[in-house]
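Results of the structural survey
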Amino acid sequence: MIDPDQRESYSPGGEKHAPEEARGGHGILIAIIALLIVAGIIAAGVVPRWKARAALNSETTELAIPYVTVVQPKRGAPQQEIVLPGNIQAFTDAPIYARTNGYLRKWYTDIGSHVKAGQLLAEIDTPEVDQQLQQARADLNTAQANARLSAITAERYEGLKNTESVSKQDVDNAMGDYEAKTAMVQSAQHNVDRLQQLQGFAKIYAPFDGVITARNTDVGALIDSGSSGGAARELFHIAATRQLRVYINVPQAFSQAAKPGLTPVLTLAEFPGRTFQGKLVRTADAIDPSSRTLLVEVDVDNPRGELLPGSYAEVHLQIPTKTSTFILPVSSLIFRSEGMQIATIQGDHAVLSHVAIGRDFGTEVEIISGLTGDEQIIDSPPDSLVSGEKVRVAPSKQGANAK
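These remarks concern the structure in this document. Residue positions within a chain follow its written sequence, with the count starting from 1. Local features are withheld for residues below a pLDDT of 70 in this predicted model, meaning they are given only at 70 or higher, and side-chain atom pairs are given and counted only at 80 or more; totals for whole chains, interfaces and linings count all residues. By convention in this description, side-chain values take in all heavy atoms of the structure and omit both hydrogens and water.

1. Quick word on the sheet that holds strand β11 (residues 222–223)
When DSSP locates at least two bridges between a pair of strands, those strands are taken to pair. Per the convention used, a helix needs a DSSP run of H or I reaching at least four residues, while a strand needs a run of E reaching at least two, with both numbered from the N terminus. Read across the open sheet, the four strands follow the order β9-β8-β6-β11; overall the sheet is antiparallel. Edge positions in the sheet fall to β9 (203–205) and β11, since each of these pairs with one other strand and no more. Here three bridges tie strand β8 (residues 120–125) to β9, and the two strands are oriented antiparallel to one another. Within the sheet, the bridge partner assigned to Leu-120 lies in β9 and is Tyr-205.

2. Re the packing of aromatic side chains
Note on ring pairs: Phe, Tyr and Trp rings are taken, using the six-membered ring of Trp, and paired if centres are within 6.5 Å. Classes follow the plane angle, with under 30 degrees stacked, over 60 edge-to-face and the rest tilted. Overall, the coordinates contain one aromatic pair when judged by the stated rule. Plain terms: the ring middles of Phe-271 and Phe-276 are 5.3 Å apart, the flat faces sit at 75 degrees to each other, and that makes the pair edge-to-face. Note on accessibility: Phe-271 and Phe-276 belong to one class, buried. Remark: a charge is flagged as sitting over a ring if the NZ atom of Lys or the CZ atom of Arg is within 6 Å of the ring centre and within 35 degrees of the ring normal. Across from the ring centre of Trp-107, 4.0 Å away, lies the NZ or CZ of Arg-215, which sits over that ring. Under the scheme applied here, a residue whose accessible area is under 20% of the maximum for its type counts as buried, over 50% as exposed, and between as partly exposed, the area being computed with a 1.4 Å probe on protein chains only.

3. Some points on the pairing of strand β15 (residues 293–301)
Across the nine residues of β15, seven count as buried, placing the element largely inside the fold. Alignment of strand β14 (residues 276–288) against β15, held across seven bridges, turns out to be antiparallel. Bridge assignment links Leu-280 to a residue of β15, and that residue is Val-298. Taking the residues between adjacent antiparallel strands as the criterion, β14 and β15 are bridged by four residues, where Arg-292 takes a positive phi near 55 degrees.

4. Section: the nonpolar core
Most often, soluble globular proteins have nonpolar side chains that are buried together. We call a set of buried residues a nonpolar core when its members are Ala, Val, Leu, Ile, Met, Phe, Trp, Tyr or Cys and they connect through side-chain atoms within 4.5 Å of each other. Ranked by internal contacts, the top residues of the largest apolar core, which has 24 residues, are Val-246, Ile-248, Val-250 and Leu-266. Of all the secondary-structure elements, those providing two or more residues to this core are β5 (79–96), β12 (236–251), β14, β15 and β16 (312–320). If near-sequence neighbours (up to four positions away) are discounted, Leu-266 is found in contact with Val-246, Arg-274, Thr-275, Phe-276, Val-298, Val-300, Ala-313, Glu-314 and Val-315. Residues count as neighbours in contact if any of their non-hydrogen atoms are within 4.5 Å of one another.

5. Regarding the pairing of strand β20 (residues 349–354)
In summary, the side chains of a regular strand alternate between the two faces of the sheet. Strand direction decides the pairing type here: strand β19 (residues 339–346) and β20, joined by six bridges, are antiparallel. Looking across to β20, one finds that Gln-346 is bridged to His-349. Count of turn residues in the β19/β20 antiparallel hairpin: two residues, of which Gly-347 carries a positive phi of about 75 degrees.

6. Examining unusual backbone geometry
The phi torsion at Asp-285 lies on the positive side, around 55 degrees, for a residue other than glycine. Within the secondary structure, Asp-285 sits in strand β14. We note that Ser-380 has phi near 55 degrees; this positive angle belongs to a residue other than glycine. Take Ser-380: it is sitting in the loop between β23 (377–379) and β24 (392–393).

Have a look at this one:
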């Protein structure tokens, strides 16, 4: 017998139809195939995009690693040369004033004259002092005459005292008068000596060997010594130039090394290519709180008078260094709020470290602390560089050319 469920069905036209279960399985297969086709189409479109995006991300990450160039620090010299501005001054410098009143009779030296100690510079006409001296001498003669008369009287009274012809009081009065007259003689003598000294000041002499750098008077000019309350005026100015003093201000960082005995060298713009040897002779032994510098004196011999007082000079001071210093290009420095920094290479990462700079040479600077000399330092580091960032070292130009 035939299972009713497996019976074939016929259409009204006599066409034969498959069973219901066969038709259902065939639809599922078609749906699966369709899904697979759609999935393949989707995969064919998405997978390449995903791979392209992954490759792009990888390439972007790779390109984000910056290429940097490195430099090696150069070791500094065992001696540091610091160049400081200096003011040249005369070893001895003095203004010449008059010590008496009157009128200038004559002057013998003008500016630029080289004079010796004790040489006559000028003469002053002192009529008032001359008259005062004559009066004082007359007063001295009067005092001496009175003293002689008093001495005779005292001697006579001393002789009469033994005969009791005069009282002891009269004798004491006579002796007291003699002593007073003697004191008046001494006073008059001192006054004469004072006026003679003032009269001697009528001739003005050079106090030391030097050159006259200024003459501020002329024949007939009124001379006021200032003793009467007026303002004294400088007549001459003299400076000793065979040896000169040069004062420089050494920064506090080098103050301990600036000791007497160093031999700095001077250069001046008016002597191109020439140097003048000096010697550091003394220091102030105190730091100026306003400038944080040490005042230092350097003496320079000037036998031919080539160097002029008041000139500007550059003093090249060689200072021995106690610590190793290094030289780096300015482009390797990082200026940030944290302070002066440099970037070094450790493995394939950048590391920022602090350094202290010394002298500035323009395109290069001196590093006084923070380096050992074995570092690879990034030149011209990016502004966005941070410590720990991955970097790549670009090949040097010499290496690239050789390759």
